[in-house]
Amino acid sequence: MELTAYQQELLDGVWGKGKSMAMQILVGIGKCFDAPRLVPITRAHVSLSAQEADLWFSGKLLAAGASCAVPPTVNPGYSLDYFGGQISEAAVENMRQVDQTYRQLGARMTYSCTPYLGDNVPDCGEIVAFSETNATIFVNSVLGARTNRESAASALCAAVTGFTPEYGMLLEENRFATVAVEVQATLRSDFDYAVLGLMGKKIGKGVPAFLGLPREISTEALIALGTQLNVSGSFDLFHIPGVTAEVRDMQDAFGGRDPQRRVVITDEDLEKALETFSPSPSGPIEYCILGCPHYTLSQLEEVAELLAQKASQVPIYILTSSTVKARARECGLEQRLLDLGAQLIPDTCVDEACCWGYLAGRPGVTDSPKGAYYMETSGIQLAVRDRATCIRWAQNGSVC
Ligand code: F3S
């Protein structure tokens, strides 16, 4: 791999052991992918997880004197203001150390998995290093920025050095669509786009271009599609001609080439996908969990409207960013939700067993396949349905 004089100095330790460690990892990744060089990044997002390996790796870089050349935003861990009194002292201490370590490395402690909505928004064509599967696919597809699907570690190394290996999604030739996905199903809500995202196996490997979708698609629906594509498969990028940033039409999407594969998605496919992922439940439910990825203000407003006729009988936990929570507080929405049985929890991920483990074995419901997928690893079984159904069941305390 060809390095500039400055990059060679970083690797050789002229700028400190921490930067050298980060550089060694990036050069190693670059060699694995035959990257000819390292290119500068302008932004980074690190999928901090607040778990043991995360603290070990970030702590090792910090102890070696690393600091971020490009201050990254970070994913949620867990809010000590909310969970502090209910979790073990060890878990409290862990989160404090994670916070301190990343702060000292120079990260921006945004604790949100939707940085592209306000905290860290790349432009079309900008080269960045984003981890967090929902964020990577959103900035690549919807915004047209260029990032590989970084891990927390590789995104942090890119933030520390200011460089990333040039391969994969950074290269024009890899960004053309290869699979034409003709959507014959009717999509009405952002949840329908989430279920479309569950079709990853049928779509198969490659870059899908979704055809037959409306020209007006909400941001929330685009978030849901990208998020769930990475639950049912592994996708860096998708295109929707006339909607996503890089492609106006089929010609742009496929670069004048024929699709390698054509796939048709019908209403029946979507019904089957949901039923397979989450078979129809029955009986009582004890809670509802929303906000994976973190809810936007308009999703919070929708929950308040759905609850307006009747408060919830069971707790509704809604994960969101501190920024959105603050806005909801300012306009009275947070109090309205609280009065109706819904609590806003900032800075927190569903994938934190120390916070959510107490829900294991208790029936609940969510509108996020990704949330259900992760919580199952902690023994928490969630039925997955659209937001209106989740709220209706919460209002009745049972599936009805
Ligand atoms: Fe966000 Fe955690 Fe879900 S990072 S997308 S709440 S798994």
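Before any of the text, the structure's been laid out above.
Please read these numbers as outputs of a predicted model, since none were measured by experiment.

A. Seen up close, the pairing of strand β7 (residues 208-211). Taking every second residue as pointing to the same face, both faces of β7 are buried, with P208 and F210 on one and A209 and L211 on the other. By the bridge criterion, four bridges tie strand β6 (residues 179-183) to β7 in an arrangement that is parallel. The partner of A180 across the bridge, within β7, is A209.

B. Focus on the sheet that holds β6. The three strands lie next to each other as β7-β6-β8, forming an open sheet whose pairing is parallel. If you trace the sheet from one side to the other, it starts and ends with β7 and β8 (261-265), each paired once. Pairwise comparison of adjacent strand axes, ignoring direction, gives a mean angle of 25° for this sheet.

C. Main features of the nonpolar core. One finds Y102, L156, L196, F210, F238 and W356 to be the most contacted residues of the largest nonpolar core, which totals 95 residues. Looking at this core, the element that brings in the most residues is helix α10 (residues 219-232), giving seven residues. Not counting residues up to four positions away in its chain, the partners in contact with F210 are V181, V183, L196, I203, L225, L229, F238, H239, I240 and P241.

D. Geometry of a nonpolar patch on the surface. Nonpolar side chains collect at one region of the surface, where Y6, V14 and W15 lie side by side and expose about 330 Å² of accessible area between them. Given the relative accessible area of 35%, Y6 is considered partly exposed.

E. Representation of the sheet that holds strand β12 (residues 364-366) within the structure. Taking strand neighbours across the sheet as the criterion, the five strands line up as β11-β10-β9-β12-β13 in an open arrangement whose pairing is parallel. Both outer strands of the open sheet, β11 (342-346) and β13 (382-384), are each paired with one neighbouring strand and no more. Across this sheet, the average inter-strand angle for adjacent strands is 25°, counted without regard to direction. Relative to β13, helix α17 (residues 369-376) is tilted by about 160°, and along the sheet it contacts β9 (287-295), β12 and β13.

F. Structural detail: the environment of A107. Mapped onto the elements, A107 comes out in the loop between α5 (89-105) and β4 (128-130). Along the chain, A107 and T73 lie 34 residues apart, while their C-alpha atoms are 6.1 Å from each other. Setting aside residues up to four positions removed in sequence, A107 forms contacts with P72, V74 and Y102.

G. View of the packing of aromatic side chains. Under the counting rule described, the total for this entry stands at nine aromatic pairs. Relative to F238, the ring of F210 has its centre 6.0 Å away and its plane inclined at 75°; by these criteria the two rings are edge-to-face. Residue F210 is found in strand β7, and its partner F238 is found in the loop between α10 and α11 (250-254); the two are separated by 28 residues along the sequence. When the ring of Y373 is compared with that of Y374, the centres are 5.5 Å apart and the planes differ by 80°; the resulting orientation is edge-to-face. Exposure remark for Y373: the relative accessible area of 46% places this residue in the partly exposed category. Following the ring pairs from residue to residue traces out a cluster consisting of Y82, F83, Y317 and W356.

H. Broad picture of the site of the ligand. In the neighbourhood of the ligand, the contacting residues comprise N75, P76, C113, E132, N134, C292, P293, C349, V350, K370 and Y374. Those elements that place two or more of their residues in the shell around the ligand are β9 and α17. Considered class by class, the residues forming the shell around the ligand number seven nonpolar, two polar and two charged.

Thresholds applied
Residues numbered from 1 in each chain as written. Predicted model: local features only at pLDDT ≥ 70, side-chain atom pairs only at ≥ 80, totals over all residues. Heavy atoms only, no water. Buried < 20%, exposed > 50% of the residue type's maximum accessible area, 1.4 Å probe, protein only. Helix = DSSP H or I, 4+ residues; strand = E, 2+ residues; numbered from the N terminus. Pairing = 2+ DSSP bridges. Axes fitted to C-alpha atoms, helices over the stretch in contact; angles between N-to-C directions. Core = buried A, V, L, I, M, F, W, Y, C linked by side-chain atoms within 4.5 Å. Contact = heavy atoms within 4.5 Å. Patch = residues over 30% accessible without salt bridge, like charges linked within 9 Å, V, L, I, M, F, W, Y side chains within 5 Å. Areas by Shrake-Rupley, 256 points an atom, 1.4 Å probe, with all protein chains shown as cover. Salt bridge = Lys/Arg side-chain N within 4 Å of Asp/Glu carboxyl O. Phe/Tyr/Trp six-rings, centres within 6.5 Å; stacked < 30°, edge-to-face > 60°. Near = heavy atom within 4 Å. Nonpolar A, V, L, I, M, F, W, Y, C, P; charged D, E, K, R; others polar.

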